[in-house]
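# Examination of the molecular architecture
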Amino acid sequence: MKNFNVSITSTTRRRKLKNGTIAAYPQWYCEYQDPQVHKRRRRAFNRKKDAEAFRNTLLLKVAEGSYVDERKAPTVTEAIDHWLGTKDGNIKSSTLKGYKVVANGAIRGPLLIGTKQERADYTESGVAPKGARFIKLLGRVKLTDLNTAMIRAWHKTITEQCGAYTANRAKSHLKSILALSEEDFGVRAPSMPTGLPRVRHKPKKVILTPEHIAKLMAAAKEDPEQGIYYAFAFLAGTRPSEQLGLLWSEVDFERGVLRIRRIQERDGSLTEMTKTEAGTRDIPMSANLREMLFDWRVRCPRKSKELHRVFPGPGRLQEWPKPRLGGGGPLLYQNFRKRYWAPAFKKLGLPYVTPHSARHSFISTMQAEGIEVGLVAQIAGHANPTVTLGHYTQAVRDGSAAIEALDRAYSS
């Protein structure tokens, strides 16, 4: 704002004490015209240096374009509600519930001093146990007052009370909350503190080597009844819930893509949305995956004689040419692991990894093959490439380049 000025004036204030004497003390004022509503503002200070510090800060904010009327600035609580409101309807309910638990219990507060279960029950019900003690968190702090030092102190409190994992997860949510507030409310977000403690002794996730996966792919091609079940995640990078929720109507052989539009819940039901908004995506099919899916479509158990789920419950095979008995319905995750996933690793003598680790292998292999992190994030369904690698790299190729690289890496 051009010609923005802050004037400092002073006066002597007098107050009559109980003993009848008159006490005089100086009062300093910062007077300025609000840059947004153009009304006169006046702030009082007991010390001149406080008035000067306020003036300098105000001038800097106006110059940077980050000025916000402190009286109208939202609190952290209001910012949390706004953030959660943007998530509602765009992510599945169980994910939103997890966001609420962390945001309300570890950011908004107050934080119950007690066991993990007691805190979970309080966050869920709002009913505190008898004699409960609490720690104030960031809920009532205005965004204009929030600074890096306050965030560091808050993070230390959460680490001491709830552990480093919860503290770092809450910090990640807080960063997203403040970023959204900066966009929508114009309140500049403070920098996140550095050097914060991380989770100690976290076991390193096992990821198969490309040689291991090549062996698994070779076995899958020779296994027409079960191979596609355990090969798919390595070739598509999907989450287990996305794989089990995939329908044949979303397999586009003509375009060579998989349309990820839904997930399967733990009870086998389908939810017509993905884990996050970014999870709704199209995944290019490699030549290997396309061939395996094309062959599997002929054998796949039907639902009421019609193709429905790509990975359904198997039913029971009979001697050829008798039809399969049953099958076509949902395949629960625990049965998927027990019947299809674990036996393949045991039979081939490979190090056991979880189905979700196949997704890690997919992402890691594409990065190792030189595919841009922005493209990897897009295919994997990450909302932010920092989740994929920690920094952003512009994607300049289409998805086919990434999938071709995956085929090269997994070929024996």
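Residues numbered from 1 in each chain as written. Predicted model: local features only at pLDDT ≥ 70, side-chain atom pairs only at ≥ 80, totals over all residues. Heavy atoms only, no water.

For the rest of this paragraph, the subject is the side chain of Thr365. Relative to the assigned elements, Thr365 resides in helix α12 (residues 355–368). A relative accessible area of 8% places Thr365 in the buried class. For Thr365, the side chain forms a polar contact with the main-chain oxygen of Ser361, separated by 2.7 Å. (Helix = DSSP H or I, 4+ residues; strand = E, 2+ residues; numbered from the N terminus. Buried < 20%, exposed > 50% of the residue type's maximum accessible area, 1.4 Å probe, protein only. Polar contact = N/O pair within 3.5 Å; in protein donor to acceptor, adjacent residues only side chain to side chain.)

To continue, consider the nonpolar core. In terms of nonpolar packing, the biggest core is built from 54 residues, with Phe234, Val251, Leu258, Leu289 and Leu293 touching the most fellow members. Elements represented by at least two residues in this core include exactly α7 (210–221), α8 (227–236), β7 (257–260), α10 (287–299), α11 (333–348), α12, α13 (373–380) and α15 (399–410). For this core, the element with the most residues is α8, which contributes nine residues. In contact with Leu258, not counting residues within four places along its chain, are Phe232, Ala236, Leu246, Glu250, Val251, Arg281, Asp282, Ile283, Met285, Leu289 and Leu293. Core analysis: the second largest hydrophobic core is formed by 31 residues, Val68, Ala79, Ala167 and Val187 among them. (Core = buried A, V, L, I, M, F, W, Y, C linked by side-chain atoms within 4.5 Å. Contact = heavy atoms within 4.5 Å.)

Below, the discussion takes up the sheet that holds strand β10 (residues 281–284). One open sheet holds the three strands; their spatial order is β6-β7-β10, and the pairing between them is antiparallel. Only two strands of the sheet have a single neighbouring strand rather than two, namely β6 (251–252) and β10. In the sheet, β6 pairs with β7 via two bridges, with the strands oriented antiparallel. Along β7, the bridge assignment pairs Asp252 with Val257. (Pairing = 2+ DSSP bridges.)

Turning next to the packing of α8 against α11. Working note: a packed helix pair is described by the angle between its axes plus the distance between those axes. Relative to each other, α8 and α11 sit at 80°, their axes nearing to 9 Å. The orientation of α8 with respect to α11, classified from their angle, is roughly perpendicular. Packed against α8, whose contacting residues are Tyr229, Tyr230 and Phe234, the element α11 presents Phe336, Tyr340, Trp341, Ala344 and Phe345 at the interface. The residue inventory of the contact of α8 with α11, partitioned by class, reads eight nonpolar, no polar and no charged. (Axes fitted to C-alpha atoms, helices over the stretch in contact; angles between N-to-C directions. Parallel < 35°, antiparallel > 145°, perpendicular 65-115°, else oblique. Nonpolar A, V, L, I, M, F, W, Y, C, P; charged D, E, K, R; others polar.)

All chains considered together, the criterion is met by 14 aromatic pairs. Their ring planes at 50° and their centres at 6.0 Å tell us that Phe336 and Trp341 sit as a pair that is tilted. Residues Phe336 and Trp341 agree in their burial class; the two are buried. Relative to Tyr352, the ring of Phe345 has its centre 5.7 Å away and its plane inclined at 70°; by these criteria the two rings are edge-to-face. Taking the relative accessible area as the measure of exposure, Phe345 reaches 2% and is therefore buried. By the ring-pair criterion, three or more aromatic residues cluster together here, those being Tyr229, Phe232, Trp296, Phe311 and Tyr340. Over the ring of Tyr29 we find Arg42, and its NZ or CZ is 3.7 Å from the ring centre. (Phe/Tyr/Trp six-rings, centres within 6.5 Å; stacked < 30°, edge-to-face > 60°. Lys NZ or Arg CZ within 6 Å of the ring centre and 35° of its normal.)

In this fold, Ala220 is placed in helix α7. Residues Ala220 and Arg337, spaced 117 residues apart in sequence, show a C-alpha to C-alpha distance of 16 Å.

When pLDDT is averaged along the protein, the result is 87; 92% of the residues meet or exceed 70. Low confidence marks residues 390–396, where pLDDT is under 50. Its contacts with residues over four positions away, or in another chain, come to 15 contacts. (pLDDT = per-residue confidence, 0-100.)

Applying the stated criterion across every chain yields a total of 12 salt bridges. Among the ionic pairs, Asp50 bridges to Arg47, the shortest N-O distance being 2.9 Å. On the accessibility criterion, Asp50 (27% relative accessible area) is partly exposed. Residue class for Arg47 comes out partly exposed when judged on its relative accessible area of 44%. (Salt bridge = Lys/Arg side-chain N within 4 Å of Asp/Glu carboxyl O.)

Of note, Tyr67 is situated in the loop between α1 (48–64) and α2 (76–87). Taking relative accessible area as the criterion, Tyr67 reaches 10% and is therefore assigned buried. Put simply, Tyr67 and Arg198 are 131 residues apart on the chain and 34 Å apart in space, counted from C-alpha to C-alpha. With residues near it in sequence (within four places) discarded, Tyr67 still touches Tyr32, Asp34, Pro35, Gln36, Leu58, Lys61 and Val62.

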